[in-house]
Every structure is written in structure tokens, then in C-alpha cells.
Protein chains: 2
Amino acid sequence: MQLTRAADYGVRVMIYLAAAGAESRLSLVDLAAATNAPVSFLSKVLQTLSHAGLISSRRGQSGGFRISTRGRAASMLDVIEAIDGKISLNVCLVAGKSCSRKHSCPAHPIWADAQRAMIQVLSRAGIASLAAESTKHQLNSAAPTHCSLCQDETLAEN
Amino acid sequence: MQLTRAADYGVRVMIYLAAAGAESRLSLVDLAAATNAPVSFLSKVLQTLSHAGLISSRRGQSGGFRISTRGRAASMLDVIEAIDGKISLNVCLVAGKSCSRKHSCPAHPIWADAQRAMIQVLSRAGIASLAAESTKHQLNSAAPTHCSLCQDETLAEN
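Here the residue numbering is sequential within each chain, running from 1 through the sequence in written order. A letter from A marks each chain and a number from 1 marks each ligand, given out in the order of writing. Whole-chain, interface and lining totals are the exception, using all residues; otherwise, since this is a predicted model, local features are given only for residues with pLDDT of at least 70 and side-chain atom pairs are given and counted only at 80 or more. Side-chain calculation: all heavy atoms of the structure are included, whereas hydrogens and water are not.

Colleague: Looking at this model, I keep getting lost on the interface of chain A and chain B. Mind explaining?
Modeller: Buried accessible area, meaning the area lost when the parts come together, often serves as the stated size of an interface. The partner chain B presents 37 residues to the 37 residues of chain A that form the contact. Two parts placed together each lose some accessible area; with a 1.4 Å probe, that loss summed over both constitutes the buried area. For the pairing of chain A and chain B, the buried interface totals around 3400 Å² over both sides, and the portion due to carbon and sulfur atoms is 68%. Polar contact is the term for a pair of N or O atoms within 3.5 Å; when the atoms are in protein, one must be able to donate a hydrogen and the other to accept it, and sequence-neighboring residues count only if both atoms are side-chain atoms. One can count four residue pairs in polar contact (both at pLDDT 80 or more) joining chain A with chain B. Note on conventions: DSSP H or I runs of at least 4 residues are helices, E runs of at least 2 residues are strands, and numbering of each starts at the N terminus. Mapped onto the side of chain A that touches chain B, the elements with two or more residues apiece are helix H1 (5-20), helix H2 (28-35), helix H5 (76-84), helix H6 (108-124) and helix H7 (127-142) of chain A. Of the residues forming the side of chain A that touches chain B, the biggest block, eight residues, is contributed by H6 of chain A. Residue polarity follows a fixed list, in which Ala, Val, Leu, Ile, Met, Phe, Trp, Tyr, Cys and Pro are nonpolar, Asp, Glu, Lys and Arg are charged, and the others, Gly among them, are polar. The residue makeup of the side of chain A that touches chain B, split by class, is 22 nonpolar, nine polar and six charged. The contact definition used throughout considers only heavy atoms, calling two residues in contact when any of these lie within 4.5 Å.

The structure is reproduced here in C-alpha cells:
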């Protein structure tokens, strides 16, 4: 019961693209470096995100990937589902299929509750707000830490 | 992101054994029929549950499987983890491993929250109480439904 690597990289790259802004086009190589993802694997993930309309891509010298308006409005759940399809914690919850044991199995409503609880958290996590947090974190990390006693940045960072 | 078949069958068989009671020893074939599980696959699941102390098994003519005291006190989460190991929704949450991106990745706390929400539901679902529900459901289904007007069971069931 674990998220696929594709969906994990998908969430990472969406947050990175959202933080870069709607005007920035970034290359596959830069995105792979930023998300610690293998280039060839990330290429497929980006293709899927593009097909889902969450990012746009352009070929050529001035090309690259950038987040779309729909992508900025997406949640973590939207990104996961664009890559992995609808989440179903157990086979008995697969959309469009019916489990013959559903009405007699006391575990069925528990699987459904557990799935609902997880989905609620993921659907509330917006890509744009996660990107804003990420930018804030980077700005804080980049700011030099001054030691008020010795004025020595190197010492203050240790 | 889906539960393994083994864990699904594990939960089913634990509920069935709990409903049968602490004194009942049931055969592999009966358990496989009751849980709609393939016999050879369920055999491995039962072995794992036995190693975890959630059930006890005895060979021979009067042998079979029965739930242990620990099994009756277990939750759905305990059963899943006995079979699949600790739940980790994403690789960054695997117990004992540290993700290098943990402190800078804004998605990390969301994965942790989603996992916590799901685990909370599964840990609150006790095998014994699910078995009690299952028994109640079976008793209700087995009771003939009388139509107060026509006294015809067949019509009343339609």
C-alpha cells in the first residue's frame, strides 16, 4: 500500500513548477535535478501531467515545461490521480466495479472510511500553497545567519 | 496505492475466525470457501498470521485454525501490518529510513498527515467488534422475512 514513484515525482515536479511561476519554462534536465528524479522516468511523468492539462510543454530552444492554470488550482490528490488513476485502497473500492461481498463484509465500510480520511487530507493540499511554502522555506534557508556575538557567518551556521 | 491481496484475505479470515469463536478450529478448505480466497494463497496468509501470534494452528484430524487471545484483541491495522509490514504511504515515510528532502519538501507533512488519518481509522476497527457485526448481519439475513399481509416468505423477500 504505497504510492507509486511516478506519483511521488509528479507531486514534487508540480510543486517545483508552481514555485517557479506561470511564466517560467523549465527544462527536463533542470526539473530532474530539482526533484531528484531520473531524467527518462520524469520525462514520462511530465508527459502524463501534460496530457492531463496540469502543465504545458513546448519543444525547441525556448521550450520546456511550465505549470498551467489548471495545474496551479490542482491538489495533491488531482496530481496523484492524473498519474495513477482513482485511488482505491482495496479492490472492493475500485470505482465502477462492485464487490459481491460488499453488503455482508464488515470490513468494507472501514476500508471506505480509511480511504475517505486519506483522500480528504490529499484533496485539501493545494499545489499552489505548497509551492508558496516551499519558496518561503528556500528564502529562509538562503538568508545568511549572523551570529550576534562574533559577526561570523560560518560559526553561526555550525 | 492499494492493499495487497494477502492483507485483504488476512482481514477477512481474522474476522471469520473471531466470529466462529475462540473454541472453534476451522479447516483451511472451510476458511478458503468462507473468505473467497484461493486455498494455496490463504495457506501462506494463515502461516503469517500464525507466526504473528494472531491465530493458532494444529495439524491432524482434529486440527485446524482458531483465533488467539491476541488475535481477538487485534485491530485491522494489526492484521495488515502482520502481513505487509508497517504501512508507509510513500517511501519518505518508511520507518527507520530518513528522506534527505524531508526538511525542505512541503509535501512530506501532507503524506504524513494522510497516512496518520488512514491509520487512525484502521487502528480503531477491532477484529472482535467487526466479527460481532458480521454475526449480527448473518443472523438477520438468515431470519425469514414475513410479509404481514400475505404471510408469504418468498414474496416478502422480493
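Anyway, onward from the coordinates.
Colleague: I'm lost on the environment of Lys102 of chain B in this one. Help?
Modeller: Residue and element names in this part refer to chain B. Mapped onto the elements, Lys102 comes out in the loop between helix H5 (76-84) and helix H6 (108-124). A simple rule labels every residue: compare its accessible area, found with a 1.4 Å probe on the protein chains alone, to the largest value its type can have, and call it buried under 20%, exposed over 50%, or partly exposed in between. Residue classification places Lys102 among the partly exposed residues on the basis of a relative accessible area of 29%. On a C-alpha basis, the gap between Lys102 and Gly10 in space is 33 Å, while along the polypeptide they are 92 residues apart.

Colleague: Even after reading the chapter, I still don't get H1 of chain A, so can you show me in this structure?
Modeller: Since there are 3.6 residues in each turn of an α-helix, residues three or four apart along the chain are aligned in direction. All names here are of chain A. Between its first and last C-alpha atoms H1 spans 22 Å; for 16 residues at 1.5 Å apiece the expected length is 22 Å, and the two agree. A large share of H1 lies buried, amounting to twelve of its 16 residues. Turning to H1, its buried residues number three or more, namely Ala6, Ala7, Asp8, Tyr9, Gly10, Val11, Arg12, Val13, Met14, Ile15, Leu17 and Ala18. Gly21, located one to two residues past H1, shows a positive phi value of around 100°. An expected span of 1.5 Å times one less than the residue number is assigned to each helix.

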